[in-house]
Number of protein chains: 2
Amino acid sequence: MHHASTRTLLVAPLIAAAAVASAEPLPSWEDGVSKRAIVEFVARISREDSADYVAPRERIAVFDNDGTLWAEQPIYFQFAFALDRVKTLSSVHPEWRSTAPFKDVLSGDTRALVASGQKGLLQVIAASHSGITTEDFDTIVGSWLATAKHPRFERPYTELAYQPMLELLDYLRSQDFKTFIVSGGGVEFMRVFAEQVYGIPPEQVIGSSAVTKFVAVGTNGKPALIKEPQIDFIDDGPGKPSGIDRFIGRRPILAVGNSDGDLQMLQWTAGGAGPRFVALVHHTDTDREYAYDRDSQVGKLDKALDEAQRQRWLIIDMKHDWRRIFADNGE
Amino acid sequence: MHHASTRTLLVAPLIAAAAVASAEPLPSWEDGVSKRAIVEFVARISREDSADYVAPRERIAVFDNDGTLWAEQPIYFQFAFALDRVKTLSSVHPEWRSTAPFKDVLSGDTRALVASGQKGLLQVIAASHSGITTEDFDTIVGSWLATAKHPRFERPYTELAYQPMLELLDYLRSQDFKTFIVSGGGVEFMRVFAEQVYGIPPEQVIGSSAVTKFVAVGTNGKPALIKEPQIDFIDDGPGKPSGIDRFIGRRPILAVGNSDGDLQMLQWTAGGAGPRFVALVHHTDTDREYAYDRDSQVGKLDKALDEAQRQRWLIIDMKHDWRRIFADNGE
Ligand SMILES: [Ca+2]
Ligand SMILES: [Ca+2]
């Protein structure tokens, strides 16, 4: 028995290592600079005899969501949810038919809605995201994701996750990284699909949040958390390093974003001691997805692009670096 | 090779299962109602063919810290740190010698300090916890923990973790639970020792926090997060279920606390569908630790004790349920 167990301990890691080594990682990535940079970074921090070795517990990887892990055009998908939710709720809010910004949502007047500015957008978010329990909100988002379709690609939003990024998440986890989402999007919205779509459990999703109020006896006689309209935390820009500090408590060694809202997260990640991997996803593919950067209303990439060029961070070129964009490209 | 690998795969789990089964769990717990309740709950949710089965990903266990995982008398250990830090900083704050509440800290006038109320205590916390980078704060807390000693037990505070609770954390993790701290204490204070003392990594420590400010170029030319004096989040009372929702995003199936500040966390845990385990640590041992509940200034246990009796939650009696309190009881 002693002999058998010793042998088991010796053989098992070899078999596991062989299995990992035989599968070519990142099959949807072209064999180019970007893929090589990723694979070389992971190899570099994995060599136990190297000065660059990073222990598994410190292999924290953070990813922006909108425009980094899934698409974000023509409007943030969570905002599409908010617009649909306002339409649904309008039957019990007849006053919305004559009140901006709700009347603009109901009449589909996007121009007037945009003109209502951040104040109007926040009103739409608050009205569509509050006044219900956290559990009811999960259910509502789940139903929406199961039925709503993207206007251009005519498929569920969850099918607009980027296949190369899904492979990157899997690859990093296979190399003992712990993967986190750090997004300006609503944390409770993302958690509904993050585990199924990205393999990222709820407790590794960091996002913006509203205040919740605990009631010991809810309408069903059980304790409940009610979503309130007040914003609690905006996980964007300088909020991202603060959110990383508050939720994770370690500095990531790898970060990927796609817009100016990620600049501080990338700086914070790059600024630590030892090897660091920092990258931007650059939207360059009009045919298969979208091409936008400095002048975009959604996912504006300007200052962070300058900084990436200055600091020689990796800039992932979607058109040239990715063999496919979505799992099903209609190919 | 194929034969060998199949054999390895079959044998390895059996060996692991035998190792787990042969070690008697919770050796510092008396064989009584409390230990049996824990072991039976874990067995109940682990049977895959049972209606009470809980998948590993849903095995979320949350623990209060002060008075639940380590001692909290005669004052919260983090407050002892704050008092020592004020004394250290007083050399660069001569004005503190004539300003309450700092002059009371410096002269050791505990009565006057207590009389300054919550406002005074918050001033002491803010002065001792802000104006430095998160990384410098970690270093300062680490140095303090390495040198400061508890006034009664005359040993480092980290040696005042409860041995039976350390065993409970280990036991739950061996049964695929993910263990979290959910404490009113400062998240950055706890993270300095939580991994080493409790085996709980930083990203599974939830606590109260202050605002942090990101600066792209700190004093050393690198990005930094500066701890500000403003409170951001109080993870106590109804803040605990809100914190659980925000940080974990799943409802725990097991929760342990020791004071009224845990009441809502316990209600939230107990209120979910399916099997739930909810417990209070009751301080009943004057000889080996302390005995206190309804009238204590620190760790007051009154309403939560009533509720535990009403709901038949487990009440852990430290004197009778625990064979030892600390790893080294001086026995
Ligand atoms: Ca983005
Ligand atoms: Ca406590």
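Residues numbered from 1 in each chain as written. Chains lettered and ligands numbered in written order. Predicted model: local features only at pLDDT ≥ 70, side-chain atom pairs only at ≥ 80, totals over all residues. Heavy atoms only, no water.

All right, on to the coordination of the calcium ion (ligand 2) then. All names here are of chain B. Within the protein, the calcium ion (ligand 2) binds to D64 (OD), D66 (O) and N258 (OD1); these donor distances fall in the range 2.2 to 2.3 Å. Within one chain, the residues serving as donors to the calcium ion (ligand 2) are arranged as D-x1-D-x191-N. One end of the pair, D64, is in the loop between β1 (60-63) and α3 (77-89); the other, N258, is in the loop between β5 (254-257) and α11 (263-270), with 194 residues separating them in the sequence. Judged by relative accessible area, which is 5%, D64 ranks as buried. (Donors = N, O, S within 2.8 Å, 3.2 Å for Na, K, Ca; no water. Helix = DSSP H or I, 4+ residues; strand = E, 2+ residues; numbered from the N terminus. Buried < 20%, exposed > 50% of the residue type's maximum accessible area, 1.4 Å probe, protein only.)

So, about empty space enclosed by the protein. What the rule picks out here adds up to one cavity of 30 Å³ or more. Looking at the largest cavity, its volume works out to about 40 Å³. For the largest cavity, the full set of lining residues is A:F180, A:E203, A:I206, A:F247, A:I248, B:E203, B:I206 and B:F247. Considered class by class, the residues forming the lining of the largest cavity number six nonpolar, no polar and two charged. (1 Å grid on protein atoms, 1.4 Å probe; cavity = no way out; pocket = protein on both sides within 12 Å on 5 of 7 lines; lining within 4 Å. Points joined across faces, edges and corners; volume = space filled by probe spheres on them. Nonpolar A, V, L, I, M, F, W, Y, C, P; charged D, E, K, R; others polar.)

A cluster of nonpolar residues, A:L122, A:I231 and A:I234, forms a patch on the protein surface that exposes about 260 Å² of accessible area. Overall, the relative accessible area of 38% leaves A:L122 in the partly exposed class. (Patch = residues over 30% accessible without salt bridge, like charges linked within 9 Å, V, L, I, M, F, W, Y side chains within 5 Å. Areas by Shrake-Rupley, 256 points an atom, 1.4 Å probe, with all protein chains shown as cover. Salt bridge = Lys/Arg side-chain N within 4 Å of Asp/Glu carboxyl O.)

What follows covers the relation of the copies chain A and chain B. Of the two same-sequence chains, chain A is brought onto chain B (RMSD 0.0 Å, axial shift 0.0 Å) by a rotation of 180°. What the superposition gives is, in effect, a two-fold axis relating one chain to the other. Taken as a fraction of all interface residues of chain A, those also at the interface in chain B reach 100%, which identifies the copy contact as same-surface. (Least-squares fit on C-alpha atoms with pLDDT ≥ 70 in both. Contact = heavy atoms within 4.5 Å.)

Before going further, it helps to spend a moment on the interface of chain A and chain B. If you look at the interface, chain A gives 44 residues, while chain B gives 45 residues. Approximately 3,800 Å² of surface area, both sides summed, lies buried where chain A meets chain B, with 52% of it carried by carbon and sulfur atoms. When residues of chain A are sorted by the area they lose upon contact with chain B, A:E203, A:F214 and A:R246 head the list and together hold 18% of the total. Applying the counting rule to chain A against chain B returns twelve salt bridges. Here B:E195 ties to A:R250 by a salt bridge, and the two come within 3.3 Å at their closest N and O atoms. If you list the elements that add at least two residues to the side of chain A that touches chain B, you get α1 (2-22), α7 (134-147), β2 (178-186), α9 (187-198), β3 (205-215), β4 (224-233), α10 (239-247) and α11 (263-270) of chain A. The element that contributes the greatest number of residues to the side of chain A that touches chain B is α1(A), accounting for six residues. For the side of chain A that touches chain B, the residue count by class is 19 nonpolar, eleven polar and 14 charged. (Buried area = accessible area lost by both parts, 1.4 Å probe.)

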